[in-house]
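# Overview (structure and organization)
Here is how the chains run, residue by residue.
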Amino acid sequence: MSPFVFVLFGATGDLARHKLFPSLFSLFKKSQLGDTFCIVGFSRREIDDAAFREMVRDFLKVSDDDLEWQGFARNIYYQQGMFDEERGYLSLIDRLNTFDKEVGACITRVFYLATPPHNYEAILEHLHTTKLSEGCGQGSNKWTKIAIEKPFGKDLETAKALDMKLSQIFEEKQIFRVDHYLSKETVQNMIAFRFANGIFEPVWNNKFIDHVQVTFAEKKGVEKRGKFFDGVGMLRDVAQNHLLQLVAAVTMEQPLSFSKEDVRDARVKAIQAIECIEAENVKECVVSGQYEGYLREKDVASESDTETFVAMKFGVNTPRFQGVPFYVRAGKNMPTNVVEISIVFIQTCHILFKEFGCPEIGNVLTIRIQPDEGIRMRVIAKRPGSKLALDTVDMKFSYHEEFGGHGADAYEKVLMDIFSGDQMLFNRSDELQSSWEFITKILDGWSATGGTGQKPIVYTPNRWGPKEASDLIERDGRKWL
Ligand code: BG6
């Protein structure tokens, strides 16, 4: 790994605490960060290097005398600054120049934006005007990279504007639009599973698949993220990105090759094929909910209409999936933590078994993204006994049992790919535009006046959202699994 400096905007925030620093430290312990690197936290808080290191130590829950921590801490610095004031950026330049001098070369600079999204514009503007975006060999930007967290915009228009701004400052090869779900082992495995196993390809279509379900459930509520979440909501926070990517992993066609652009092309086509729900159909096809007690959460507006749950039904316009409904739901304060995709195959009760009765749902292939990462295939079997009776049983593959773990953490993969410059698992701009087109129509439907608009329905915590979410699928004679 060549020397690099990682400038983290939003260094005292939730993402830094829970994901980025733990991943950086883990990579450091595995000696994957190379010999020469610096991490500079950039934030509003008035603290110095020592206090910031203490904060990071607290994030990582390590003791002061932990030798690995001591080695890691030596590479951590802090730059105080307001995102919309030039002063902090100018001091940052001095600091980065010092690192370059110490190393005796222009070190690659990675700017990682993990702040609330409304700061992106100001940060990008200042990176540009101060020429930080050009790296130490100013006039040439080959030594800089920019990583930008989701949500990438608030709707189609703002996403386009943000993209325009990015493209005025950076070249596409420098831009890393992060969706960490793409970097999860289980999601990456979808391509291998679907295309390396010849037995699935012939049945992966509307002749055999009845419908597809995607569930993203978190037991936790918004916790300390009220301020961020209340301005975003579940649809923008996880549906626009993580959920649509899970759908794309099911529906995409085989990429021409494993090259970055071929894989991204296949993904873009899959997202483009998701059928938009027109504003007038939103009421029928989308259910939004808000858990009871949400309005009392810290930093949440007292009359907030922000949804903490969303369920929707839509189609995918490809020859393979024409007519196969997708039922997708995501919620906070759910009964359990689970993210999984289930492909429910058409149940045909073979004439041979009709008189003995067949299970209502037959073959289901479930890809468990987390926890207990794995895949299970529900099949029909004869229940032991003297009479013929059919039941369903699961054939299972567990990452943990087979590989002794669940693979690299998604954020470790995100970071390593940024450092090495591999953009395959990052969103391309056309991909984001298509996903925002889909989401913006729903947002328009929700905000419509004249009786068609929609407010979230209150649901009891630890339940699977409002009853209307069950109605959404049961109307079609199906059930959430
Ligand atoms: C983030 C969302 O992108 O993903 C959070 O902003 C959500 O609201 C998180 O909790 C879930 O990520 P993971 O990797 O824990 O499933």
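Not measured: the values here are computed from a predicted model. Think of each chain on its own: its residues are numbered from 1, step by step along the sequence as written. Only residues with pLDDT of at least 70 get local features here, since the model is predicted, and only at 80 or more are side-chain atom pairs given and counted; chain-wide, interface and lining totals rely on the full set of residues. Side-chain metrics rest on all non-hydrogen atoms present in the structure, leaving aside hydrogens and water.

### Some remarks on the sheet that holds strand β2 (residues 37–43)
- Strand pairing requires that DSSP identify at least two bridges connecting the strands. By the criteria applied, helices consist of DSSP H or I runs no shorter than four residues and strands consist of E runs no shorter than two, each listed in order from the N terminus. Strand order in the open sheet formed by six strands is β3-β2-β1-β4-β5-β6, with parallel pairing between adjacent strands. Of all the strands in the sheet, the pair left with one neighbour each is β3 (76–80) and β6 (175–177). Averaged over all pairs of adjacent strands, the angle between their axes in this sheet comes to 20°, without regard to strand direction.
- Note that strand β1 (residues 4–9) and β2 share six bridges and pair parallel. Along β2, the bridge assignment pairs leucine 8 with glycine 41.
- In this analysis, two residues are considered to be in contact whenever any of their non-hydrogen atoms come within 4.5 Å of each other. Note on geometry: axes are lines fitted to C-alpha atoms, helical ones only across the stretch in contact, with angles between N-to-C directions running from 0 to 180 degrees. Strand contacts of helix α13 (residues 410–420): β1, β4 (108–113), β5 (144–148) and β6, with the helix running at about 140° to β4, the strand carrying the most contacts.

### As for helix α4 (residues 86–103)
- Taking 1.5 Å of rise per residue, the 18 residues of α4 would be expected to cover 26 Å, and the 26 Å separating its terminal C-alpha atoms lies within 8% of that figure.
- Directly beyond the C-terminal end of α4, a positive phi value near 80° is found at glycine 104. To estimate the expected span of a helix, subtract one from its residue number and multiply by 1.5 Å.

### What to know about the packing of aromatic side chains
- Only centres within 6.5 Å qualify two rings of Phe, Tyr or Trp (six-membered ring in Trp) as a pair; their planes then separate them into stacked at under 30 degrees, edge-to-face at over 60, and tilted for everything else. Within the structure shown, the criterion is met by 34 aromatic pairs.
- Between tyrosine 327 and tryptophan 480, the aromatic rings sit 6.3 Å apart at their centres with planes inclined by 80°, giving edge-to-face as the arrangement. Taken together, the residues span a long stretch of sequence, with tyrosine 327 in strand β10 (residues 326–332) and tryptophan 480 in the segment after α15 (467–474) at a distance of 153 residues. Grouping residues by exposure puts tyrosine 327 and tryptophan 480 together as buried.
- An angle of 80° between the planes, with centres 6.1 Å apart, marks the rings of phenylalanine 397 and phenylalanine 403 as edge-to-face.
- A 1.4 Å probe rolled over the protein chains alone gives each residue an accessible area, and that area as a share of the maximum for its type sets the label: buried under 20%, exposed over 50%, partly exposed in between. For phenylalanine 403, a relative accessible area of 61% translates into the label exposed.
- Through pairs of rings, three or more aromatic residues link up here, namely Phe4, Phe6, Phe25, Phe28, Phe37, Trp69, Phe72, Tyr112 and Phe419.
- Both a distance and an angle decide whether a charge sits over a ring: NZ of Lys or CZ of Arg must be within 6 Å of the ring centre and within 35 degrees of the ring normal. When the ring centre of tyrosine 77 is taken as origin, the NZ or CZ atom of arginine 53, which lies over that ring, is 5.5 Å away.
- Here the basic side chain of lysine 184 rests over the ring of tyrosine 181, its NZ or CZ set 4.5 Å away from the ring centre.

Read these as geometric descriptors, not functional statements.
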